[in-house]
Amino acid sequence: MGDADGGAPVALVTGGAGFIGSAIVKALTARDHRVVVLDRVGDDAVDLADEEQVRAAARTVLVRHGRCDVLVHAGVNFERAALRDLDAALMRRMMTVNVEAPLWLLQELTPSMAEHHFGRVVMVVSDTFFDPPPVPDMLPYVMTKGALIGAARALARSLGADGITVNCVAPGMTPPPVPEPGLGSNAAEGVRSRQAIPRTLVPEDVAEVVGFLTSREAEALTGQTICPDGGLVLR
């Protein structure tokens, strides 16, 4: 993997400034990747809701580095709304960031991956797709993560012949440094108590799985969704 002259592989990580995204960036850097972060903050500030910015960022990566070997989509819109409160504008914002942005990136990046007959795509989704929480306002989040899993499964079939794998990583409840409103300690404890491994999950649990899926050793894994969630979801 990497340039023919032995250069390090290039990885693009959306949402790489977030608490899970930054752990992924650290894990890939430790594996000798040249990592480019696409986020609203940082050196390459990009609004993932803006298709033209997203496409331009992908093209810039190819111009600067000559290739892109890995795409990790960890960027997310986590707006919450119950069924009665949904509107088209909210759903459009959620779909644009959570589902459409990685597709626009892949349209730009997969020709280069196919040329080198190597590509690793990892979508960070959520185990809430398999075990929805008993709160009504996570509907759009769970739905868009499910759509992303569907996209990854379809892409795994269509891109496999070009040496490109497409997988999902579905974390369990991984408490952020600043708790999300409505997801307090009681909710976290309730989830933790149902895990087969009843410990608090940390971003590195996700990052290490992503790191493996981007390696050459993972070439037989595609179209899969792996849940580093302490055994909450058994699939």
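Residues numbered from 1 in each chain as written. Predicted model: local features only at pLDDT ≥ 70, side-chain atom pairs only at ≥ 80, totals over all residues. Heavy atoms only, no water.

**Description of helix α1 (residues 19-30)**
Then step 1. With 12 residues, α1 should reach 16 Å at 1.5 Å per residue; the first-to-last C-alpha distance of 17 Å fits that figure.
Then step 2. Listed in full, the buried residues belonging to α1 are Ile20, Gly21, Ala23, Ile24, Val25, Ala27 and Leu28.
Then step 3. Residues of α1 that are buried sit in contact with β1 (10-14), β2 (34-38), β3 (70-73), β4 (119-124) and α6 (203-213).
Then step 4. Immediately beyond the C-terminal end of α1, within one or two residues, lies Asp32, with a positive phi of roughly 70 degrees. (Helix = DSSP H or I, 4+ residues; strand = E, 2+ residues; numbered from the N terminus. Expected span 1.5 Å × (residues − 1). Buried < 20%, exposed > 50% of the residue type's maximum accessible area, 1.4 Å probe, protein only. Contact = heavy atoms within 4.5 Å.)

**Here's the deal with the confidence of the model for the protein chain**
Then step 1. When the pLDDT values of the protein chain are averaged, the result is 93; 93% of them are 70 or greater.
Then step 2. For residues 1-5, every residue scores under 50 in pLDDT, and the model assigns this stretch 15 contacts once sequence neighbours within four places are set aside. (pLDDT = per-residue confidence, 0-100.)

**Some words on the environment of Asp39**
Then step 1. With respect to the helices and strands, Asp39 occurs in the loop between β2 and α2 (51-65).
Then step 2. A C-alpha to C-alpha distance of 6.3 Å links Asp39 and Gly16, two positions 23 residues apart in sequence.

**So, the packing of helix α3 (residues 88-116) against helix α4 (residues 139-159)**
Then step 1. α4 packs onto α3 with a crossing angle of 20 degrees between their chain directions and a minimal axis gap of 9 Å. The angle between the axes of α3 and α4 places the two elements in the roughly parallel class. Crossing angle aside, the handedness with which α3 passes α4 is right-handed. For the pair α3 and α4, contact is made by Leu90, Met91, Met94, Met95, Asn98, Val99, Pro102, Leu103, Leu106 and Thr110 and by Pro140, Tyr141, Met143, Thr144, Ala147, Leu148, Ala151, Leu155 and Leu159, respectively.
Then step 2. Considered class by class, the residues forming the contact of α3 with α4 number 16 nonpolar, 3 polar and no charged. (Axes fitted to C-alpha atoms, helices over the stretch in contact; angles between N-to-C directions. Parallel < 35°, antiparallel > 145°, perpendicular 65-115°, else oblique. Left-handed = near helix turned anticlockwise from the far one by under 90°. Nonpolar A, V, L, I, M, F, W, Y, C, P; charged D, E, K, R; others polar.)

**Let's talk about α3**
Then step 1. End to end, α3 covers 40 Å across 29 residues, agreeing with the expected 42 Å (1.5 Å per residue, within 8%).
Then step 2. Remark: the principal bend of α3, roughly 45 degrees, maps to Glu100, with a proline, Pro102, within the next four residues.
Then step 3. One side-chain oxygen at the N-terminal end of α3 lies 3.2 Å from the backbone nitrogen of Ala89; it belongs to Asp87.
Then step 4. Downstream of α3 by a residue or two, His117 has a phi angle that is positive, lying close to 50 degrees. (Bend = angle between axes of the 7 residues up to and from the residue. Polar contact = N/O pair within 3.5 Å; in protein donor to acceptor, adjacent residues only side chain to side chain.)

**So, the side chain of Arg192**
Then step 1. Within the fold, Arg192 resides in helix α5 (residues 185-194).
Then step 2. Within the structure, the side chain of Arg192 is placed 3.0 Å from the side chain of Thr200, a separation counted as a polar contact.
Then step 3. With residues near it in sequence (within four places) discarded, Arg192 still touches Pro198, Arg199 and Thr200.

**Re the nonpolar core**
Then step 1. Counting 34 residues, the largest nonpolar core has Leu12, Leu105, Val121, Met123 and Val166 as its most contacted members.
Then step 2. Counting only elements with at least two residues in this core, the list comes to β1, β2, α2, α3, β4, α4 and β5 (164-169).
Then step 3. For this core, the element with the highest residue contribution is α3, accounting for 7 residues.
Then step 4. Residues contacting Val166, with those up to four places away along its chain left out, are Val121, Ala152, Leu155, Ala156, Leu159, Thr222, Gly223 and Gln224. (Core = buried A, V, L, I, M, F, W, Y, C linked by side-chain atoms within 4.5 Å.)

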